[in-house]
Structures are given as C-alpha cells and as structure tokens.
Amino acid sequence: MNSTMRQWLLPLHRWSGMTVGLVIVLMAVTGASIAFRPQLDPLLNRELLTAPACISRASLDALTASAVAARPTAQLDYIRLIAGGDGDARIPAAMVRFTDQGFVYLDPCSGAVLGQRHRWGGLLGTLEQIHRFRFMPNGELITGTSALLFAIVLIGGGLYLWLPPSLRGLRRAMRFNPRLQGAARTASLHKTVGLYASVIVLASALTGLPQAFDWSKRALYSMTGSAQPAKAPSSGPAAGAPRLPLEQLWQRAQALVPHPQEALIHYPSRPQAAVEMYLIAADAPHVNARTMLDLDAYSGKVLRFTPYAASSLGHRLYFWTLSLHTGHVGGTAGQLVLMLGALCIPVLAYSGIGGYLRRRRRRRPSGRLTLKVRHKSVEAEGICVFDLEDPRGGPLPPFGAGAHLDVFLRDGRMRQYSLCNDPSETRRYQICVQREAHSRGGSRAMHDDVRAGQLIDVSLPKARFALAPASRRSLLIAGGIGITPLISMAEDLARRGADFELHYCTRTAARTAFRDRIARSPYAARTHFHFSDGPAEQLADFAKLLDAPSPGAHLYVCGPPGFLNVVCATARQNGWPDSHVHTEYFSAESTRTADDAPFDIRLAASGKVLHVASDKTALEVLLAAGVEVPRSCEKGVCGTCVTRVLAGVPEHRDLYLTDAERARNDQFAPCCSRACGAELVLDL
Ligand code: FES
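Residues numbered from 1 in each chain as written. Predicted model: local features only at pLDDT ≥ 70, side-chain atom pairs only at ≥ 80, totals over all residues. Heavy atoms only, no water.

A. Representation of the pairing of strand E19 (residues 527-531) within the structure. Bridging between strand E18 (residues 500-506) and E19 involves five bridges; their strand directions are parallel. Bridging across to E19, Leu502 finds its partner in Thr527. Handedness of the E18-helix H15 (residues 515-520)-E19 crossover: right-handed. (Pairing = 2+ DSSP bridges. Helix = DSSP H or I, 4+ residues; strand = E, 2+ residues; numbered from the N terminus. Right-handed = clockwise from strand over helix to strand, strands pointing away.)

B. Examining unusual backbone geometry more closely. If you check the backbone angles, Asn138 has positive phi at about 55° while not being a glycine. Here Asn138 is to be found in the loop between helix H5 (122-131) and helix H6 (139-162).

C. The arrangement of helix H14 (residues 483-495) in detail. Helix length check: H14 (13 residues) gives 18 Å between terminal C-alpha atoms against 18 Å at 1.5 Å per residue, within 8%. Within H14, burial applies to Ile483, Thr484, Pro485, Leu486, Ile487, Ser488, Met489, Ala490, Glu491, Asp492 and Leu493. Count one or two residues on from H14 and you reach Gly497, which has phi positive near 70°. (Expected span 1.5 Å × (residues − 1). Buried < 20%, exposed > 50% of the residue type's maximum accessible area, 1.4 Å probe, protein only.)

D. How the structure looks around the side chain of Asp492. Its location among the elements puts Asp492 in helix H14. Exposure remark for Asp492: the relative accessible area of 11% places this residue in the buried category. Once residues within four sequence positions are removed from consideration, Asp492 is found in contact with Ala401, Pro423 and Leu467. (Contact = heavy atoms within 4.5 Å.)

E. Here's a closer look at the packing of aromatic side chains. Taken as a whole and judged by the stated rule, the model has eleven aromatic pairs. Between Phe133 and Phe135 the ring centres are 5.1 Å apart and the planes differ by 40°, which places this aromatic pair in the tilted class. By relative accessible area, Phe133 is classed as buried at 7%. Exposure remark for Phe135: the relative accessible area of 45% places this residue in the partly exposed category. Considering the side-chain rings of Phe542 and Phe563, the 5.7 Å spacing of their centres and the 85° angle between planes classify their relative orientation as edge-to-face. Within this pair, whereas Phe542 is found in helix H16 (residues 542-545), its partner Phe563 is found in helix H17 (residues 561-573), the two being separated by 21 residues in sequence. Judged by relative accessible area, which is 13%, Phe542 ranks as buried. (Phe/Tyr/Trp six-rings, centres within 6.5 Å; stacked < 30°, edge-to-face > 60°.)

F. A look at the state of the cysteines. Considering all chains together, one arrives at one disulfide under this definition. Bridging Cys54 to Cys109, the disulfide has an S-S length of 1.8 Å. An S-S torsion of about -85° defines the bridge between Cys54 and Cys109 as left-handed. You can see Cys54 sitting in the loop between strand E1 (50-52) and helix H4 (60-70) and its partner Cys109 sitting in the loop between strand E5 (102-106) and strand E6 (113-118), a full 55 residues away along the chain. (Disulfide = S-S within 2.5 Å.)

G. Focus on the packing of helix H2 (residues 37-44) against H5. Contact geometry for H2 and H5: axes closest at 9 Å, N-to-C directions at 145°. Packed against H2, whose contacting residues are Arg37, Leu40, Asp41 and Leu44, the element H5 presents Leu124, Gly125 and Glu128 at the interface. A class-by-class count of the residues in the contact of H2 with H5 yields three nonpolar, one polar and three charged. (Axes fitted to C-alpha atoms, helices over the stretch in contact; angles between N-to-C directions. Nonpolar A, V, L, I, M, F, W, Y, C, P; charged D, E, K, R; others polar.)

H. Looking closely at the pattern of salt bridges. Considering all chains together, one arrives at 34 salt bridges under this definition. Across the salt bridge formed by Arg374 and Glu389, the nearest N and O atoms sit 3.0 Å from each other. Here Arg374 is found in strand E11 (residues 368-380), whereas its partner Glu389 is found in strand E12 (residues 383-389), with 15 residues between them in sequence. On the basis of relative accessible area, Arg374 is assigned to the partly exposed category, the value being 42%. (Salt bridge = Lys/Arg side-chain N within 4 Å of Asp/Glu carboxyl O.)

I. Just the sheet that holds strand E20 (residues 553-559), in detail. Judged by pairing direction, the sheet is parallel, and its five strands sit side by side in the order E19-E18-E17-E20-E21 without closing on themselves. The two strands at the open ends of the sheet, each matched to only one other strand, are E19 and strand E21 (581-585). Geometrically, the sheet is characterised by an average inter-axis angle of 15° between neighbouring strands, direction not taken into account. Most of the contacts of H17 go to E20, to which it runs at about 160°, and overall it touches strand E17 (473-479), E18, E20 and E21.

J. The arrangement of the environment of Arg517 in detail. Assignment of secondary structure puts Arg517 in helix H15. Sequence separation between Arg517 and Tyr318 is 199 residues, and the spatial gap between their C-alpha atoms is 61 Å. With residues near it in sequence (within four places) discarded, Arg517 still touches Cys420, Asn421, Gln430, Ile487 and Glu491.

K. Fine view of the pairing of E6. Bridge count for E5 against E6 is five bridges, and the pairing is antiparallel. Bridged to Leu106 within E6 is Val113. Here E5 folds back onto E6, and the loop between the two strands holds six residues, one of which, Gly111, carries a positive phi near 80°.

Written as structure tokens, this is what we have:
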C-alpha cells in the first residue's frame, strides 16, 4: 500500500468525518427513522390517512371539489390515489396536493375531508424534511454534496485505509475483536462496522445523487444513451369546449393500466395543458416504476403513453435509484437493510470521532514519546524494519548502542524492541521486528497493523544491554534476530575505531536481516556470517571463537535462550569472567516445573493475601485479583513486570535481573519467578 497516499488520506478521512460526517449522521438517523414511513404513517395518523373501505368510490371531480372547498384560495397541483389491499377494513385516503405543498386528505368513498397537513407536517414529515435539508434554501445541494464527499472520501477512502497489507491481516480486519480495550476496541468497531455497512451506505449515497443534482440525473440518461422525457404534449381545446370530467379521464387511464397500485394525476395548470398522470402498474417491479400517460383534457385522446417497461433505460435506471435510495426494493427486507445501514452511520461517527478524540486526549505518561512511522520495509523473510521519527522532524532523545524501546501497541500491549541504528543518529530510531510463529499478538500487530505514516507511542530509550566503557576488544555474537542491538553496537564501535568482531548466526541467508547494510558498512570485513544450512566450514565454532579471552575483552551475546546458553557456557569454560559477558535474551523457555510449590503474596498497600497455586504464576494471580502489573514478555526476559519485594526470599527464574540484583532479593519478576518460602510481601 502506498504510504504517501495513506499520509494524506488519513487526515482527510478524519476531518471529513468530523465535518461532512456530521451532516451524514443527521441524514442517516432521520433516513433510518423514515425508512418505514409508508407503513408507519397510516398507523400514527390513522384518522387522517385512512378511511373505512367501501364498494364504490366518489368521483375524482367530487374529491377535487371537496378539497377546493377546504382550501378555496390555494392552487391545485395533483391528486394522489393509492389502492387498498383486498379485504382491508380501511383504505388509504385520497390526497389532493396544492402548489403551496399543503395536502387535503379525503375519504375516497364519501369525499369527506379527513384533514389537512403540510408536506412536512407530522413527526415523520418533519424527519423527512430534516433528512432532505428542506428546512433551508438549496438544501438538496448540501445533502447531495455531502453524499458525494461521503461516498468518495469517507467510504472509498475509509476502505482504502482499512485494507490490510496481508491476507492474514485481512481476515482479522474483517472481525470485531471484543477482547481489545479502549481506543483499540473503538478502532476495531469502526473498521468492522464500516466494512460491512459500506456496501449499503455507499449504494444509498450514490443513488441519492440523481435526486439531488440535475447533472447527475442528466449523466444517468446520457450514459445510457437515453433521451430525457419530453415535456407533456399540449391539449387542443376546441373553441368553447369544456374539459372532460377528471373521473372520465381516470377511467380512460385505468383502461390502459388496470388496477394501478398508485396514481398521481396532475391538474392542468393552463387551458392547453394535457392531463399528466404517473401510474404504478399492479405488476410494477418497484414502487417508483412509473408509467407515463398524458391525456387530452378535452377529448380524452391519448397524447402519450409510455409503460414503464417500454420506457428508456435511463428513465428506468433513474427510478430504480429512487427506489433503492429509499429502500423500496425487495419489500420489507429492503427497508430493513436500508435502516440498519443508516443506523451504522452514527456508530461509525461515534467510533471514528470518539476514538480519535480519545487518542488525542489520552494522557501520555511521562517518559513516553509519540513518534511517526516514517518508513516500514521488509528486511528479510518475516522481518520488518521500522524507522521512527519525531512527527515535527525534531531531534530525538539520545540513546546508547544496545538500548531498546518499549513500544505501546494500540491494543494496550507493550513490546520491547532493540534500537538497531547508529546511536549517533539524532533524528531517527530504527527497530526491527521478526514475526514470531507463535506470536501472542505483538509481532503480528507490528507486521500487520503498524504502517508508515502512523503515530506510535514508545518509551524513552532504555539501556539495559550496553557496551562496557573500558573494553579493549569487543566480541559480538548474534543469534537470529538477536542481531538488532548488536548491529547498533557494531555501528558505534566502527565509528569510534574500536577493535571488535561481529559473528552473526542465522538459519538461512534469506532469514538474515541487514545483510546488504553490513556488506556496505566499514565493518563488513570484521563481520562473519554463519548459516545453519551452509557448508560446515562456515558454521560458528564457539570453542575456537571464545578461546583464551584477551585482557579487557568483552563478549556481547543476543539471541534465543538455547543459543545464549551454549555461548555463555563455552565462554565460562574458556575463562571469560562473568563481568565481561553481557547477554540479552529476546525470548525464554518456560520456567514452570512439576515441582513448583505454592506460596502466598501479601500486598503491602492493602494487606491482602493472594494464594499462588503451584500451576499459576504470581502475575496471573495478581491480574486475576485486579492488581494491574505492567507486563510484556511474560517470560522473565524484558523486566517490565519486575516488582519490589519487601519481605521474603524470591526464587529467581527470570533472565533479566543481574546476579547482583538477584542477590539483593529486593525485587522479582512475578511473570516467572516464585518464592523460596511460604510468603512474599510485595510493594503493591
Ligand atoms: Fe517480561 Fe515479566 S513481563 S519479565
């Protein structure tokens, strides 16, 4: 994925969400409320919108006369008739609309006036007025423009931003992860809901465009090579001839379109105007499938008759978009889908805007930095390198070779990664992450979720594995991804002209990070690669490498536990003093044994005593009791969980504390260490 694209798309998506998105939320909420208007309105306004069923109907002329009597000064626009269902006790009222958008509702049987209401009257009418922004001039411009931006920036851009870089990430991104906390949970909700709702809301937004913009409607006709419907032809009144009764014209229309579901009959506004009718045939494919009929008002002659099925493709598409936009395709299921899609919009707004504000408001603990991922690249098979920089391009706190960063992932987890660039660099931190086959989420999240352009929280650099100041010669031995702190040390030593040698053991050349960088470096000649799948003569011979340490020589080893154990044991056998052997583990084997004894931990602050059963760790017991303990590796490697011990003797099983620290017995790693006695009192 193009990171530059993401860098400008993300803020655009965010700011559009907080501006245009709010208009869309209003439209969506009101749209969802009126999705079932055709069914709800007659229920809510039974006496106004329905009348008792009858055998014979009043003539249209009688209905018109009643409406005019109710509103003598208003100008007639059209009459709308809706067929009732067979056997229904009540049938829809006839509606006469006036040019001021006022309606008179009539009993279609008796012609009695049931009441009056403005087009936007009543609860649902008001909601529709808000939905269409008709409470202000040119409201359709606002709704149309918002829908267009929504479709392009928020939905299209959102999907682009959502798209994970890998197939594995794709599967995870399609599911809401309820185990996440805080902002990560909100982001997961936003992405999942956005993904599934996008099809519906995109369809709804795009199908609303032809209603809002004339250009869009014209484009629909021209794209399909269809001519826009011509103006209604004129009637030709014979001198002094009276118009035919409307009822007679209506009978004529029904002869052409028997038992229409709905009819809308315009009153001629001029003496020469034809009587224009829109009819929805009984077998129409959707509620807006209009058949157009124009009758001569004086002779009843058919001036134009275009059944829906025979109308142009552009015409049919236009009315399909209208039905799709209002959810009137597929019956109640279509309305339900539209309503659910619309209701997803406030959820998206809440999760998008709320999540963003929460992240901004979140108090950054002291000692933390928010950095921008400037660059992410694949360094070797299953290994990615991340370049981090100050978002404003400023200098970063200095670090020493071998230092690491705590990286705070969005889901609340924390992982530690060694800095692998030259410590003389002041504006960049570089970390390198290997995707672990049995990742508990850290390396997987770094590979799948962290992208260039993104902000990421990290700690200040921490130096736990550092070059000894007085070393005369340094021997660096890396196992696999253990190269990360050692390459930083190599850069530092090479720049200072120090005497050193780097031995780098990996399984295969393909899984060897920094090969090119080392090959181009000034210390290339001092670096020796050892590939497990290579010829025997190039394999590392630790006995030879560590033979007879020279005075002032220091050994630095980083890699998996088995590798470290072998190197350290060989060094010890060859007489390397412990103080000259520096190690950093990046994973550990389980320290649990069948003989693990239970013990109690007493919390100094509350006096509470917690029992650690033989099959539990102190960390598990503390977390289960609601005691928040920072943690990362949970294997005794990183030191994140190390807690002060006020009384009792710990049985140290971690790989983090130094021998001197262990001997003091005033701290322990609850993720793996246990107690020598029955109780430990912890400073918690
Ligand atoms: Fe890493 Fe305990 S969590 S040492």
